[in-house]
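Each chain is listed here by its residues.
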Amino acid sequence: MTLKKILAKRIKTQGSISVAEFMEECLLHPEFGYYTKRDPFGHHGDFITAPEISQMFGELIGLSLAQAWINQGQSGSFTLAEAGPGRGTLMVDVLRATRNIPGFQDAAQLVLIEASDHLRTVQARTLKDHNPTWIKHIEDLPEQPLFLIANEFFDALPIRQFQRDRDQWWERHIHMSSGKLAFTHVTTSNHSELKKRLIDTKDGDIIESRPDSQRIVATIGTRISRYGGSALIIDYGNWRSHGDTLQAVKQHQWVHPLSAPGESDLTSHVDFEALALEAVPCKHSELTSQGIFLKRLGIDLRAQQLAQNTHPTKKKEIFAAYDRLTHPDQCGHIFKVLGLFPEDEAPPPGLTE
Ligand code: SAH
């Protein structure tokens, strides 16, 4: 059996499926899902994420959150959480960078939100000295202050896509055509969210929504506004979704999103405005490019420190990683950071209101 055959069977019995249903199966199918069965990160995998590029990324994020914890009065136990921790690399860098901050790690309860059993095993290995607990559902976060990181997490959550035809929206679906998976459109009711977008779109435009992310960020927002804390959400995307951003990557190359179900990573750009709106009554920071965020946190100094007294080859690697994370032509601009924080507090360091 292959995932393509499973999808074909489902489409035959149930009719066409939404892009969200397709993504969900491709990424998290219990047997054939992309994240269920592999570790896709690194040079030998399909893509590289910022924590896999350099330890500087996780270290600076850790220090930003720890400073936010200090600024908020550091009272009692709190949750230190990561959504979609991949290999656990970012969190291990956070924990190393913050280990000398008095009281921080003693008060922290480490919680990882991870859907893939395979990646949980990898995370357990990376974080074996830190006693994490895992949850599958965000609603299971403890009722206490929450300091949370989500790097390239929201882009992996399923999206629905809608295309405008005059004053009507059609939902993009997937069906079988001549034995192949292909895009099609089905009628949809013009609910209020879609009606609103008639103002800033034109005939033929595609917009996207991400139902799970609304629920997830609403829970994060409620915890932070009720108990205190901060969240750093880092991803590629923009303030408002516009256009078809569904993309598939296999072995560092773009492929057609329908060509290799379960074998390629499927993501789409994050609509940060939708996240910010759903997090209310939490406040949100200005959407800031990753390069600016990391520079404000002192990545220049950290790179120089790491490069001191090292072999010239290693030095070159450190500055190449620095460029990759910060330069506007590399990941510095396309990746953005949104901070969430309580109404009566300031944003975490590196961000402004
Ligand atoms: N943050 C990591 C990995 C990003 S890849 C890094 O920067 O390297 C996306 C991660 O989110 C993976 O760990 C994947 O298994 C997890 N994930 C995807 N969908 C999820 C869901 N619905 N719930 C929980 N985790 C999910």
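The structure this text deals with has already been given above.
Described below are features of the structure shown in this document. (Residues numbered from 1 in each chain as written. Predicted model: local features only at pLDDT ≥ 70, side-chain atom pairs only at ≥ 80, totals over all residues. Heavy atoms only, no water.)

Brief notes about helix 2 (residues 19–28)
- In terms of burial, helix 2 is largely enclosed, as seven of its 10 residues are buried.
- Taken together, the buried positions of helix 2 are occupied by Val19, Ala20, Phe22, Met23, Glu25, Cys26 and Leu27.
- Those residues of helix 2 hidden inside the fold are in contact with helix 1 (3–14), strand 1 (17–18), strand 6 (160–165), strand 7 (168–177), strand 8 (180–187) and strand 13 (265–267). (Buried < 20%, exposed > 50% of the residue type's maximum accessible area, 1.4 Å probe, protein only. Helix = DSSP H or I, 4+ residues; strand = E, 2+ residues; numbered from the N terminus. Contact = heavy atoms within 4.5 Å.)

Observations regarding the site of the ligand
- As a structural note, the neighbourhood of the ligand is formed by 18 residues, with Thr49, Gly84, Gly86, Glu114 and Asn151 the closest of them.
- At 3.2 Å from a nitrogen atom of the ligand is found a main-chain nitrogen or oxygen belonging to Ala115.
- Here an oxygen atom of the ligand sits 2.7 Å away from a polar atom, N or O, in the side chain of Asn151.
- Burial of the ligand by the protein chains amounts to 94% of its free accessible area of 580 Å².
- When the residues that make up the shell around the ligand are grouped by side-chain class, the tally is 10 nonpolar, five polar and three charged. (Near = heavy atom within 4 Å. Polar contact = N/O pair within 3.5 Å; in protein donor to acceptor, adjacent residues only side chain to side chain. Areas by Shrake-Rupley, 256 points an atom, 1.4 Å probe, with all protein chains shown as cover. Nonpolar A, V, L, I, M, F, W, Y, C, P; charged D, E, K, R; others polar.)

What about the side chain of Thr219?
- Tracing the backbone through its elements, the reader meets Thr219 in helix 9 (residues 211–227).
- Here Arg215 takes part through its backbone oxygen, which lies 3.1 Å from a polar atom of the side chain of Thr219.
- Once residues lying within four places of it in the same chain are set aside, the contact partners of Thr219 are Ile138 and Glu139.

Observations concerning the nonpolar core
- In this structure, Phe57, Ile61, Leu80, Met91 and Phe293 are the most contacted members of the largest nonpolar core, which totals 39 residues.
- Among the elements that take part in this core, helix 4 (residues 55–71) stands out by supplying eight residues, more than any other.
- When near neighbours in sequence (up to four residues on either side) are disregarded, Met91 contacts Leu80, Ala81, Glu82, Leu110, Leu127 and Ile149.
- Ranked by size, the runner-up nonpolar core spans 27 residues in total, among them Phe153, Phe154, Ile216 and Leu275. (Core = buried A, V, L, I, M, F, W, Y, C linked by side-chain atoms within 4.5 Å.)

Quick notes on the pattern of salt bridges
- Across all of its chains, the model carries 25 salt bridges by this definition.
- Across the pair Lys295 and Asp300 runs a salt bridge whose closest N-O atoms are separated by 3.9 Å.
- In this structure Lys295 comes out as partly exposed when scored by relative accessible area, which is 41%. (Salt bridge = Lys/Arg side-chain N within 4 Å of Asp/Glu carboxyl O.)

Some details on the packing of helix 9 against helix 10 (residues 272–279)
- Interaxial distance between helix 9 and helix 10 falls to 8 Å at its minimum, and their mutual angle equals 45°. Here helix 9 lies oblique to helix 10, going by the angle between them. Between helix 9 and helix 10 the crossing geometry is right-handed. Where helix 9 approaches helix 10, its residues Ser213, Gln214, Val217, Ala218 and Gly221 are matched on the opposing element by Ala274, Leu275, Glu278 and Ala279.
- Along the lines of polarity and charge, the residues of the contact of helix 9 with helix 10 split into five nonpolar, three polar and one charged. (Axes fitted to C-alpha atoms, helices over the stretch in contact; angles between N-to-C directions. Parallel < 35°, antiparallel > 145°, perpendicular 65-115°, else oblique. Left-handed = near helix turned anticlockwise from the far one by under 90°.)

Here's the deal with the sheet that holds strand 12 (residues 253–255)
- Overall, antiparallel pairing links the three strands, which are arranged 12-11-13 in an open sheet. Each edge of the open sheet carries a strand with a single partner, namely strand 12 and strand 13. Adjacent strand axes in the sheet meet at a mean angle of 40°, parallel and antiparallel pairs treated alike. (Pairing = 2+ DSSP bridges.)

Considerations on the packing of aromatic side chains
- Applying the stated rule across the entire model yields eight aromatic pairs.
- Between Trp69 and Phe78 the ring centres are 5.7 Å apart and the planes differ by 40°, which places this aromatic pair in the tilted class. Taken individually, Trp69 and Phe78 each receive the classification buried, so the pair is uniform in this respect.
- Considering the side-chain rings of Tyr236 and Phe335, the 5.2 Å spacing of their centres and the 85° angle between planes classify their relative orientation as edge-to-face. Of this pair, Tyr236 sits in strand 10 (residues 229–238) while Phe335 sits in strand 17 (residues 335–341), and the two are 99 residues apart along the sequence. Comparing Tyr236 with Phe335, the two get one shared label, buried. (Phe/Tyr/Trp six-rings, centres within 6.5 Å; stacked < 30°, edge-to-face > 60°.)

Observations concerning helix 9
- Taking 1.5 Å as the rise per residue, helix 9 with 17 residues should run 24 Å; its terminal C-alpha atoms sit 25 Å apart, in good agreement.
- Along helix 9, the positions that sit buried rather than exposed are Ser213, Ile216, Val217, Thr219, Ile220, Gly221, Arg223 and Ile224.
- Close packing links the buried residues of helix 9 with strand 5 (146–151), strand 10, helix 10 and strand 17.
- Just downstream of helix 9, Gly228 is the residue with a positive phi angle, here 100°. (Expected span 1.5 Å × (residues − 1).)

With respect to unusual backbone geometry
- Residue Pro281 is reached from Val280 by a cis peptide bond, and omega for that bond is 15°.
- With respect to the helices and strands, the residue Pro281 is situated in the loop between helix 10 and strand 15 (283–284).
- Of note, Glu152 is a non-glycine position whose phi angle comes to about 50°, a positive value.
- You will see that Ser178, though not glycine, has its phi angle at about 50°, which is positive.
- With respect to the helices and strands, the residue Ser178 is situated in the loop between strand 7 and strand 8.

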